[in-house]
Amino acid sequence: MPSFILHYIFIHQHCLVNVILQCDLLFLFHRRTWVNPRSHDWWQLIQTTWTDRDWLKNLTMRKCTFQNLCGVLQPYLTWQHTRYRRPHSVEICVAICLWRLATNLEFRSISHLFGVGILTCCLITQEVITAINTVLKPHYLKRPFVGVIDGTHVPIKAPTNTPADYFNRKGQYSVILRAVVDHKMRIWDVNIGQPGRVHDIQSDKLFPHWNETIEGVNAPLLILGDAAYPLLPRLMKPFRESIAMTADQRNFNYRLSQGRMTVERAFGCLKGRWRCLLKQNESHISLISQVILECCVLHNFYEVHHEQYIGEENEELDDEASEDGGELPAQVPVQRAQDI
């Protein structure tokens, strides 16, 4: 047999073997299912059976406010329909994010509740956080006119880089949320992300010099702080405690302390609503600031829409009344200072 014929047969046999191998590989790596079947029955059930109090206890807002929030975010959270799968609705995306922030529950459990993949839950949460910070922040987080400044620690897992900087005096890793709060418990300015070891006295340069023109006079805006802050023309602090204090100085400290209680109540409501700020937050250190910022923005969103905060004590009373078959107790609103 001529050599060119043998060469021709060899080449065709080699090509045939490659085709067979490629077909086998395609068969091995062929995706049998594009989406694992999951049930959305739980989410459909709660939308029709939950009362406003159930919405407040679990998603920290009433259903009407939830629908309002979804309507505002809908242009930024609407995805295109494809031939492979249907996009998740805006309502379920916002609910997943709120559930994650309100309970600090792991994504695996949230995935089972809402019938969504674990990775999808993670991506949805990040997208909703970005949308809220982009859309709502300019409207619900503005410069204060007068308020109280204070800071609180948000527990986090130890970062991989310079973990010692985040180890605070309480013996845990944290970042600092420092905020200015007005007499209506609304958060008007924030500084987020400072390592837990940073002291309040080092925070003088964290906030700008605020000024407001009142009847043609350029007046600096006044901020109240505790004894840890430095005394500045725009920041008022109490007198140092000593036996030589006069009656007027003691009365001044008492009045200033009464005014500062507003920021403590605001932080209590903030962390009570968003347990991701109360418990150790497992988010990456690069995302912590965005998560905290979103919680502050939603806190103001709730205060503007008069969403009352239900603490753990009221939740326990509700559960006891439900078990006994009695009426639910009236919700105890959080006290707010009338003025500063």
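Residues numbered from 1 in each chain as written. Predicted model: local features only at pLDDT ≥ 70, side-chain atom pairs only at ≥ 80, totals over all residues. Heavy atoms only, no water.

Chemist: Whenever I open this one, the packing of aromatic side chains confuses me. Can you help?
Modeler: Each aromatic ring pair is characterised by the separation of its centres together with the angle its planes make. Per the stated rule, a full pass over the model turns up 15 aromatic pairs. Seen in terms of ring centroids, W42 and F114 are 5.3 Å apart; in terms of plane orientation they differ by 90 degrees. Their pairing is edge-to-face. With W42 in helix α2 (residues 41-49) and F114 in helix α6 (residues 107-114), the pair connects residues that are 72 residues apart, well separated along the chain. W42 gets classed as partly exposed once you look at its relative accessible area, which sits at 26%. Seen from their ring centres, W43 and F114 are 5.8 Å apart, and the 45 degrees between their planes marks the pair as tilted. Here W43, found in helix α2, pairs with F114, found in helix α6; they are 71 residues apart in sequence, far enough to count as distant. Across the pair, F114 and W43 agree in class, each one buried. One aromatic cluster is present, built from ring pairs that chain together W42, W43, W50, W55, F66, W99 and F114. Sitting above the plane of the F107 ring, R100 keeps its charged end 4.3 Å from the centroid. (Phe/Tyr/Trp six-rings, centres within 6.5 Å; stacked < 30°, edge-to-face > 60°. Helix = DSSP H or I, 4+ residues; strand = E, 2+ residues; numbered from the N terminus. Buried < 20%, exposed > 50% of the residue type's maximum accessible area, 1.4 Å probe, protein only. Lys NZ or Arg CZ within 6 Å of the ring centre and 35° of its normal.)

Chemist: Hey, could you run me through the nonpolar core in this one?
Modeler: Soluble, globular proteins show a tendency: their nonpolar side chains are buried together. If you look at the biggest cluster of nonpolar residues, it comprises 68 residues, and the most contacted ones within it are F66, V94, L98, F114, L136, L270 and W274. With 11 residues, helix α5 (residues 90-103) is the single largest residue contributor to this core. Formed jointly, this core draws a minimum of three residues from each of two domains, domain 1 (40-138) and domain 2 (144-283). Among residues more than four places away in sequence, those in contact with L136 are L69, V72, A131, V297, L298 and F301. The next biggest cluster of nonpolar side chains, apart from the first, holds 5 residues, and it includes I149, I223, Y229 and L235. (Core = buried A, V, L, I, M, F, W, Y, C linked by side-chain atoms within 4.5 Å. Domains from an automatic or database assignment. Contact = heavy atoms within 4.5 Å.)

Chemist: Would you mind showing me how to read the pairing of strand β3 (residues 187-195) here?
Modeler: Here 7 bridges tie strand β2 (residues 174-181) to β3, and the two strands are oriented antiparallel to one another. Each residue of the ladder has a partner; that of V181, found in β3, is I187. Hairpin connection, β2 to β3: the antiparallel pair is bridged by 5 residues, and M185 has positive phi, about 65 degrees. (Pairing = 2+ DSSP bridges.)

Chemist: What exactly am I supposed to notice about the pattern of salt bridges here?
Modeler: Two side chains of opposite charge can pair, provided their charged atoms sit close to one another. The tally for this structure, following the rule as stated, stands at 6 salt bridges. Between R260 and D150 there is a salt bridge; the shortest N-O distance is 3.0 Å. Of this pair, R260 sits in helix α9 (residues 247-273) while D150 sits in strand β1 (residues 147-155); the two residues are 110 residues apart in sequence, bridging distant segments of the chain. Look at R260 and you get buried, because its relative accessible area is 12%. According to the relative accessible area criterion, D150 is buried, its value standing at 5%. With its nearest N and O atoms 3.6 Å apart, the salt bridge here joins D226 to R260. Of this pair, D226 sits in the loop between β6 (223-224) and β7 (235-236) while R260 sits in helix α9, and the two are 34 residues apart along the sequence. (Salt bridge = Lys/Arg side-chain N within 4 Å of Asp/Glu carboxyl O.)

Chemist: Is there a simple way to explain unusual backbone geometry in this structure?
Modeler: Glycine aside, residues mostly have negative phi angles, and peptide bonds mostly take the trans form. Backbone geometry at N104 places phi at a positive 60 degrees, although glycine is not the residue there. Here N104 shows up in the loop between α5 and α6. We classify N104 as buried; its relative accessible area is 16%. Positive phi, close to 45 degrees, is recorded for T162, a residue that is not glycine.

Chemist: What should I look at first to understand the packing of α5 against α6 in this one?
Modeler: The relative placement of two packed helices is expressed as an angle between their axes plus a distance between the axes. One way to put it is that α5 packs onto α6 with a least axis distance of 11 Å and a crossing angle of 145 degrees. As for how α5 packs across α6, the hand of that crossing is right-handed. Along its contact with α5, which presents I92, A95, I96, W99 and R100, the element α6 presents F107, I110, L113 and F114. Looking at the contact of α5 with α6 residue by residue, the class counts come to 8 nonpolar, no polar and 1 charged. (Axes fitted to C-alpha atoms, helices over the stretch in contact; angles between N-to-C directions. Left-handed = near helix turned anticlockwise from the far one by under 90°. Nonpolar A, V, L, I, M, F, W, Y, C, P; charged D, E, K, R; others polar.)

Chemist: Whenever I open this one, the state of the cysteines confuses me. Can you help?
Modeler: Simply put, the disulfide is a covalent bond whose two ends are the sulfur atoms of two cysteines. All told, the structure shown has 0 disulfides when counted by the stated rule. The structure places no disulfide on C295, whose sulfur is separated from the nearest cysteine sulfur, that of C276, by 3.9 Å. (Disulfide = S-S within 2.5 Å.)

Chemist: Quick question: what am I supposed to make of the confidence of the model for the chain here?
Modeler: Interpreting fine coordinate detail is not advised for predicted regions of low pLDDT. Here the chain shows a mean pLDDT of 78. Residues at 70 or above account for 73%. Between residues 4-12, whose pLDDT stays under 50, and residues either more than four places distant or in other chains, the model counts 2 contacts. Note on residues 19-29: pLDDT is under 50 here. Beyond four places in sequence and across chains, it has 0 contacts. (pLDDT = per-residue confidence, 0-100.)

Chemist: I keep staring at the pairing of β2 and nothing clicks. Help me out?
Modeler: Where a strand is regular, its side chains alternate between the two sheet faces. Within β2, 8 of the 8 residues are buried, which leaves the element mostly enclosed by the surrounding structure. The pairing of β1 with β2 spans 8 bridges and is antiparallel. For I149, the partnering residue across the bridge sits in β2 and is V180.

Chemist: Could you clarify how one ought to interpret helix α3 (residues 52-59) in this entry?
Modeler: Every α-helix winds through 3.6 residues per turn, so residues three or four apart in the chain are directed the same way. Listed as buried for α3 are R53, W55, L56 and L59. In the segment just after α3, T60 is the residue with positive phi, at about 65 degrees.

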